[in-house]
Amino acid sequence: SRWKTRIRARRRRARAFRPDVIMERYHNFAGPGVLLAHRRGRPALLEVNAPLVDPPGSRKDTLDRLLGRPLRRWAVRQARWSRGIVTPLASTVPPPVPRNRIEQVNWGANVERFQPAIRSDRAADLAALRARYQDRADALLPADLREPRP
């Protein structure tokens, strides 16, 4: 059927896509990017702008507690599987997660390291990525386009 053909085509494209790093913005019930990175042995970067676990006494915390804490376990697992966690406030990440994985950065971006020259110097590479990934390359920055960390 057409539906199965579309699903197979999407799976083929997903298998062909070989990112160097997978970044995901955390939100409740999220995690496919971190899970994909874990399964493929790729490093994951998790952006966290709100607490990973809900505060005690909230409705969601109460429900999670009644269900045996599956939401908390999944949130902590995602953070542990991530090579790094970018957050404006380190206290959003619960204690079981190693503190050395947390990079406290405003807005999820380290503006001191932003270098527009990379984009202009490697415009041909970026154009090739856009062609290959159907104009979705602005979200991609392969390892050879990144500056090494000091």
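Residues numbered from 1 in each chain as written. Predicted model: local features only at pLDDT ≥ 70, side-chain atom pairs only at ≥ 80, totals over all residues. Heavy atoms only, no water.

Asks: I keep staring at the packing of helix α2 (residues 32-40) against helix α4 (residues 70-81) and nothing clicks. Help me out?
Replies: Taken N-terminus to C-terminus, the directions of α2 and α4 make an angle of 50°; their axes are 10 Å apart at the nearest point. One way to sum up the angle between α2 and α4 is to call them oblique. When you trace α2 past α4, the crossing you get is left-handed. From α2, V34, L35 and H38 reach across to α4, where they touch W74, Q78 and W81. Across the contact of α2 with α4, the residue classes tally to four nonpolar, two polar and no charged. (Axes fitted to C-alpha atoms, helices over the stretch in contact; angles between N-to-C directions. Helix = DSSP H or I, 4+ residues; strand = E, 2+ residues; numbered from the N terminus. Parallel < 35°, antiparallel > 145°, perpendicular 65-115°, else oblique. Left-handed = near helix turned anticlockwise from the far one by under 90°. Contact = heavy atoms within 4.5 Å. Nonpolar A, V, L, I, M, F, W, Y, C, P; charged D, E, K, R; others polar.)

Asks: What exactly am I supposed to notice about the packing of aromatic side chains here?
Replies: Two aromatic rings, taken as a pair, are described by how far apart their centres are and by the angle between their planes. Going through the model one piece at a time under the given rule, you end up with one aromatic pair. The interplanar angle of 85° and the centroid separation of 6.0 Å between the aromatic rings of W74 and W81 together place this pair among those described as edge-to-face. Judged by relative accessible area, which is 23%, W74 ranks as partly exposed. The exposure class assigned to W81 is partly exposed, which follows from its relative accessible area of 28%. (Phe/Tyr/Trp six-rings, centres within 6.5 Å; stacked < 30°, edge-to-face > 60°. Buried < 20%, exposed > 50% of the residue type's maximum accessible area, 1.4 Å probe, protein only.)

Asks: Just checking my understanding: could you explain the side chain of E24 for this structure?
Replies: Here E24 is to be found in strand β1 (residues 22-25). Although E24 is buried, it forms no salt bridge, and the closest oppositely charged side chain is R25 at an N-O distance of 9.9 Å. From its side chain, E24 meets the backbone nitrogen of V34 in a polar contact 2.9 Å long. Each residue touching E24, except ones within four places of it in the same chain, is listed here: A30, G31, P32, G33, V34, L45, L46 and E47. (Lys, Arg positive; Asp, Glu negative; His and termini not counted. Salt bridge = Lys/Arg side-chain N within 4 Å of Asp/Glu carboxyl O. Polar contact = N/O pair within 3.5 Å; in protein donor to acceptor, adjacent residues only side chain to side chain.)

Asks: Looking at this model, I keep getting lost on the pairing of strand β3 (residues 84-87). Mind explaining?
Replies: Regular strands place their side chains on alternate faces of the sheet. Burial of the side chains of β3 extends over both faces: G84 and V86 are buried on one face and I85 and T87 on the other. Two strands pair when backbone bridges link them, and strand β2 (residues 44-47) and β3 are joined in this way by three bridges, in the parallel orientation. Among the inter-strand pairings, L45 is bridged to a residue of β3, identified as G84. Relative to strand β4 (residues 102-104), β3 runs parallel, the two sharing three bridges. (Pairing = 2+ DSSP bridges.)

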